[in-house]
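Tertiary structure, described
The lines below spell out each chain.
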Amino acid sequence: MNCNILVNGVNDIINILTLLISCQDGRPFIFLGYHVLTLAYGSFYAEAFIGVNIGTDLSDMPSPTQVVALLKAQNVWHVRLYDADRAMLLALANTGIQVTISVPNEQLLGIGQSNTTAVNWVARNVIAHVPATNITAIAVGSEVLTALPNAAPVLVSALKLIHSALVASNLDSQIKVSTPHSSSIILDSFPPSQAFFNRSWDPVMVPLLKFLQSTGSYLMLNVYPYYDYMQSNNVIPLDYALFRPLPPNKEAVDANTLLHYTNVFDAIVDAAYFSMSYLNITNVPIVVTESGWPSKGDSSEPDATVDNANTYNSNLIKHVINNTGTPKHPGIAVSTYIYELYNEDLRPSPLSENNWGLFDANGTPVYILHLTAAGTVFANDTTNQTFCVAKDGADPKMLQAALDWACGPGKVDCSPLLQGQPCYEPDNVVSHSTYAFNAYFQQMGKSTGTCDFKGVATISTTDPNIDLRTLLIGAGHGSCIFPGSFGKNGTITNGTSLAPSSNDTSLGCPTQYFYGSCSFTTSVIIGAFLMTAVFL
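Residues numbered from 1 in each chain as written. Predicted model: local features only at pLDDT ≥ 70, side-chain atom pairs only at ≥ 80, totals over all residues. Heavy atoms only, no water.

Identification of the chain as glucan endo-1,3-beta-D-glucosidase from Gossypium aridum is taken from an unreviewed UniProt entry. UniProt annotates the chain under Subcellular location (unreviewed entry) with the comment "Cell membrane". The UniProt entry for the chain carries this comment under Sequence similarities (unreviewed entry): "Belongs to the glycosyl hydrolase 17 family." (UniProt positions renumbered as here; feature names shortened; annotations may be inferred.)

Let's talk about the sheet that holds strand β5 (residues 50-54)
Taken in spatial order, the 9 strands line up as β9-β8-β7-β6-β5-β17-β16-β13-β10 in an open sheet, and their pairing is parallel. At either end of the open sheet lies a strand with only one pairing partner, and these are β9 (176-178) and β10 (180-182). Within the sheet, the average angular offset between the axes of one strand and its neighbour, ignoring direction, is 25°. Bridge count between strand β6 (residues 78-81) and strand β7 (residues 98-103): 3 bridges; the pairing is parallel. Paired with V79 across the bridge in β7 is V99. With respect to the sheet, helix α4 (residues 115-127) is in contact with β7 and β8 (134-140), its orientation differing from that of β7 by roughly 150°. On top of the sheet, helix α7 (residues 202-215) reaches β9, β10 and β13 (219-222); it is set at about 170° to β9, its chief contact. (Pairing = 2+ DSSP bridges. Helix = DSSP H or I, 4+ residues; strand = E, 2+ residues; numbered from the N terminus. Axes fitted to C-alpha atoms, helices over the stretch in contact; angles between N-to-C directions. Contact = heavy atoms within 4.5 Å.)

Overview of the pattern of salt bridges
By the definition in use, this model includes 5 salt bridges. Here R347 and D57 are joined by a salt bridge, their closest N and O atoms 3.4 Å apart. Of the two residues, R347 sits in the loop between β17 (336-338) and β18 (387-390) while D57 sits in the loop between β5 and α1 (64-73), which places them 290 residues apart along the sequence. The shortest N-O distance in the salt bridge between D239 and R244 comes to 3.0 Å. Through salt bridges with shared partners, one network takes in D57, R347 and E353. (Salt bridge = Lys/Arg side-chain N within 4 Å of Asp/Glu carboxyl O.)

Concerning the packing of α4 against helix α6 (residues 155-168)
At a minimum axis distance of 9 Å, the contact between α4 and α6 shows a crossing angle of 55°. Between α4 and α6, the angle falls in the class oblique. The way α4 lies across α6 gives a crossing that is right-handed. Here α4 contributes N115, A118, V119, W121, V122 and V126 to the contact with α6, which in turn contributes L161, I162, A165 and L166. A breakdown of the residues in the contact of α4 with α6 according to their chemical character gives 9 nonpolar, 1 polar and no charged. (Parallel < 35°, antiparallel > 145°, perpendicular 65-115°, else oblique. Left-handed = near helix turned anticlockwise from the far one by under 90°. Nonpolar A, V, L, I, M, F, W, Y, C, P; charged D, E, K, R; others polar.)

Overview of the side chain of E353
Along the chain, E353 falls in the loop between β17 and β18. A relative accessible area of 13% places E353 in the buried class. Those residues in contact with E353 that sit more than four places away from it in its chain are Y227, E344, R347 and P348. (Buried < 20%, exposed > 50% of the residue type's maximum accessible area, 1.4 Å probe, protein only.)

Quick look at unusual backbone geometry
The linkage connecting Y339 with the following residue, E340, adopts the cis geometry, with an omega of 10°. Among the structural elements, E340 can be located in the loop between β17 and β18. A cis amide bond links E425 to the next residue, P426, at an omega of -5°. Located in the positive-phi region is D188, a residue other than glycine, with phi close to 50°.

With respect to the nonpolar core
Counting 106 residues, the largest nonpolar core has L71, I101, W121, V126, I138, I162 and I286 as its most contacted members. Per-element tally for this core: the top contributor is helix α10 (residues 264-277), with 10 residues. With 28 residues, the next largest nonpolar core counts A390, V429, A439 and C451 among its residues. (Core = buried A, V, L, I, M, F, W, Y, C linked by side-chain atoms within 4.5 Å.)

Details of the state of the cysteines
Inspection of every chain in the model, using the stated rule, returns 2 disulfides. The residue that forms a disulfide with C388 is C451, at a sulfur-sulfur distance of 2.1 Å. On the sign convention where negative is left-handed, the bridge of C388 and C451, at about 90° about the S-S bond, is right-handed. Linking C388 in strand β18 with C451 in the loop between α13 (429-443) and β19 (457-460), this pair joins segments that are 63 residues apart in sequence. Each member of the pair C388 and C451 is classed as buried. A sulfur-sulfur distance of 2.0 Å marks the disulfide that ties C407 to C414. (Disulfide = S-S within 2.5 Å.)

Regarding the confidence of the model for the chain
The share of residues in the chain with pLDDT of 70 or more is 75%, and the mean pLDDT across the chain is 78. Model confidence for the chain, summarised as mean pLDDT per element, is weakest for helix α15 (residues 522-530) at 32 and strongest for β9 at 98. Across residues 1-45 the pLDDT falls below 50, and counting only partners more than four positions away or on other chains, this stretch makes 136 contacts in the model. In this model residues 373-377 is a low-confidence stretch, pLDDT under 50, and it forms 16 contacts with partners more than four residues away in sequence or in other chains. (pLDDT = per-residue confidence, 0-100.)

Here's what the structure looks like:
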């Protein structure tokens, strides 16, 4: 089933909403759009899903519109924000993406001690955005018991006051309220059957779990096998942490239950289930709000590698969407948010803290996940080379208008097309529009519907870098490399770099690129904006 969804994007020049993006979400095995309806406990039903956390500690943070474009291109339908940023929530409106918003720790004390503060927070950050933005959960604080213990006494109060504000607005049935915990609150986590929550937190955990039970919510848990592996002094095998297959004699066995554990993730989740059962709570499901593996580390982190990060996240996705469940609760999938969408270069040391992301800030995938039969999932397989090119015989005026859009509202970096730059030659609308169309297509993750431009563009398996430029190499114009193309040295060039702001005049002219000239008029710019819906 194909669908066309209008995404609200703020144009940098005149602040109008113009970006029309197509999506396809009906294929049965698109992993991040794939949901499994599972019976958790009693009458509690949940959809198993893979989501992603969106951190913002980046020196060059993409705009909300660019973030949403990447999410849709990668078929991500569940996200968790660490705050309730208004611009981000507006960009997520009318996309269908399910959103978990957060009360930052620094706001927790105020909300937990004042009903008025809680009501105002819900009014400003929830009521103002629903139903256009599909907010489905509120995470009140983050790892409060371990990161901000002085706020622990008001944690349950904060959850209850937020929930009461939702009840007053008839939103409590669609928006769950919970709080993420570090798995370190679980003591003696193996064997899982002997695990228990740190007893010193019983005055918080007992009423918290009863609140989750009474409101039909779930326990939010952050699960990081990477840290368990690193801190185990080689007791935990790397394969066991990475979900790699183990021979039966290498599996960890809980002597009390005789349950076999093949990975750290399941053992931690089941430890949380057993810990709840010892407090007489047996029907609160678990959602993992953070889990991942870093792709780079310093000298003390030799296993923070691209291959290990790829292996962990690929296997985690398969584990969740295959409805595997855990040994204690087989077949009951544990929905999980991968940590995280972007590498965050502003986070403090160690080096691994900067490298948990699936993408760099410019949208370039850090690695291609090992998934099959999945469609587009966190970046296309770059071995399957496809490009977007100008269609033969297309109307030059339509090509020019589409080129203007791609280099303007489409946010393609068209600076290589300027006179004197590598891709200026050949100086004609077919060559220039092919460059821009292909850059946009690659930027959007080759998503369905992003190579059309009202019929003047088409998908090709022929590398346009070679097709259009072969005759020019001898003339000294062979340095242009198209996004997504293999250059002269065989190195792939990813085309997901973000365009400069469309009101940036540092390049000598704004970002509408005319072949043979850099001049244009304001009326042409506005005309291009009004024709946005024509091209996609």
